[in-house]
Amino acid sequence: MAQSITAPAASIKRRFCQLLPPNVIVDACHGAQHTWRMRKFDPVLTVHLFILQVLCGNTAIAHLRHLAGSAINAAAYCRARMRLPLAVYEKLLDHTARAAAQGCEPVFAALRVFLVDGTSSLTPDTRSIRKLFHQPANIRPGCGYPMAKVLALFDAASGAILQPLICALYVHEASRVWTLHPLLGAGDLLVGDRAFCSYVHLALLHAKGVLGLFSIHQR
């Protein structure tokens, strides 16, 4: 495994168009039954700009035009991103995970190792999203943004995200981690922090023949 993400991240910034070529994006759109008109912000350009924006620290669209080297209408770009269905991004995630796994040496020769962890993320501030995900308790109503919780399963050998799950901010990770178990097989090892250490979780893993390695919960 890489000791630092700095060098791999710099390489991805330089070559992300080659790592995710146009034909892969078009195939993902067809697989998701997404149709579009030929326009400036087609799915290929939209996805490539979106990746560039995220790789550069979720930079502002006004700065994105300098990175891309061409004029970008902010409103048109935002509408183009909204037109792409979630299924397209899911298929692209599957592709990048498979590509990242190619040629990676396993962490242990005898078993596959997976990591599970959770984090939180800001979401757009719309009425429906605010009702679904809620705002942090220490934020006054009408201030700040709603937040979602993200639970993800990683391949320890490649570092690729295999499956993300989005849930409400105050949903505990342990109540959703079982939905990731179908991606695990007998003899695999799942590693996580104390949030995932419970008798029930270990019993569910044992029933599938999966090993679990977690920090002991404080309680």
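Residues numbered from 1 in each chain as written. Predicted model: local features only at pLDDT ≥ 70, side-chain atom pairs only at ≥ 80, totals over all residues. Heavy atoms only, no water.

Participant: Looking at this structure, I do not really get the sheet that holds strand S3 (residues 161-168). What am I missing?
Facilitator: Consider a sheet: its strands pair through backbone hydrogen bonds, and that pairing is either parallel or antiparallel. The five strands are arranged S3-S2-S1-S4-S5 in an open sheet whose pairing can be described as mixed. Two strands in the sheet have a free side with no partner beyond their single neighbour: S3 and strand S5 (211-214). Strand-to-strand, the axes of this sheet are offset by a mean angle of 25°, without reference to chain direction. Bridging between strand S1 (residues 113-122) and strand S4 (residues 189-192) involves three bridges; their strand directions are parallel. Along S4, the bridge assignment pairs Leu115 with Val191. (Pairing = 2+ DSSP bridges. Helix = DSSP H or I, 4+ residues; strand = E, 2+ residues; numbered from the N terminus. Axes fitted to C-alpha atoms, helices over the stretch in contact; angles between N-to-C directions.)

Participant: Please explain the environment of Val113 as it appears in this structure.
Facilitator: Tracing the backbone shows Val113 in strand S1. Considered as a pair, Val113 and Leu86 are 27 residues apart in the sequence and their alpha carbons are 28 Å apart. Discounting residues that sit within four places of it in the chain, Val113 has contacts with Val107, Phe108, Phe154, Asp155, Ala156, Leu189 and Val191. (Contact = heavy atoms within 4.5 Å.)

Participant: Where do I start with helix H3 (residues 43-55) in this structure?
Facilitator: Residues that lie three or four places apart on an α-helix share one face, since the helix turns once every 3.6 residues. Between its first and last C-alpha atoms H3 spans 18 Å; for 13 residues at 1.5 Å apiece the expected length is 18 Å, and the two agree. Residues Pro43, Val44, Thr46, Val47, His48, Leu49, Leu52 and Gln53 constitute the buried set of H3. Phi turns positive one or two residues past the end of H3, at Gly57, with a value near 75°. (Expected span 1.5 Å × (residues − 1). Buried < 20%, exposed > 50% of the residue type's maximum accessible area, 1.4 Å probe, protein only.)

Participant: Would you take a moment to explain the nonpolar core for this structure?
Facilitator: One broad rule of soluble globular proteins: the nonpolar side chains tend to lie buried together. With 13 residues, the main nonpolar core has Val116, Leu153, Leu184 and Leu190 as its most contacted residues. Counting residues per element, the ones that place at least two in this core are S1 and strand S2 (147-155). Apart from the residues within four sequence positions on either side, Leu190 is in contact with Phe114, Leu115, Val116, Leu153, Leu184, His201, Leu205, Val210, Leu211, Gly212, Leu213 and Phe214. Grouped together as the second largest cluster of nonpolar side chains are 11 residues, Leu20, Ile25, Cys29 and Leu92 included. (Core = buried A, V, L, I, M, F, W, Y, C linked by side-chain atoms within 4.5 Å.)

Participant: Hey, could you run me through a nonpolar patch on the surface in this one?
Facilitator: Taken together, Trp178, Tyr199, Val200 and Leu204 make up a surface patch of nonpolar side chains, about 500 Å² in accessible area. Counting through the fold element by element, Trp178 comes out in the loop between S3 and S4. (Patch = residues over 30% accessible without salt bridge, like charges linked within 9 Å, V, L, I, M, F, W, Y side chains within 5 Å. Areas by Shrake-Rupley, 256 points an atom, 1.4 Å probe, with all protein chains shown as cover. Salt bridge = Lys/Arg side-chain N within 4 Å of Asp/Glu carboxyl O.)

Participant: Would you explain the pairing of S1 in this entry?
Facilitator: In the case of a regular strand, side chains alternate between the two sheet surfaces. Two elements, S1 and S2, share nine bridges in a ladder whose sense is antiparallel. Paired with Gly118 across the strands is Leu151, a residue of S2.

Participant: Is there a simple way to explain the packing of aromatic side chains in this structure?
Facilitator: Scanning the entire structure with this criterion turns up two aromatic pairs. Between the aromatic rings of Phe41 and Tyr77, the centroid separation amounts to 6.2 Å while the plane-to-plane angle is 50°, which identifies the pairing as tilted. In this pair, Phe41 sits in the loop between helix H2 (22-31) and H3 while Tyr77 sits in helix H5 (residues 74-83), placing the two residues 36 residues apart along the sequence. Grouping residues by exposure puts Phe41 and Tyr77 together as buried. Between Phe50 and Tyr89, the ring centres sit 5.9 Å apart and the planes meet at 80°, which makes this aromatic pair edge-to-face. Of this pair, Phe50 sits in helix H3 while Tyr89 sits in helix H6 (residues 86-101), and the two are 39 residues apart along the sequence. Residue classification places Phe50 among the partly exposed residues on the basis of a relative accessible area of 23%. One cation-aromatic arrangement involves Arg81 over Phe50; the distance from NZ or CZ to the ring centre is 4.0 Å. (Phe/Tyr/Trp six-rings, centres within 6.5 Å; stacked < 30°, edge-to-face > 60°. Lys NZ or Arg CZ within 6 Å of the ring centre and 35° of its normal.)

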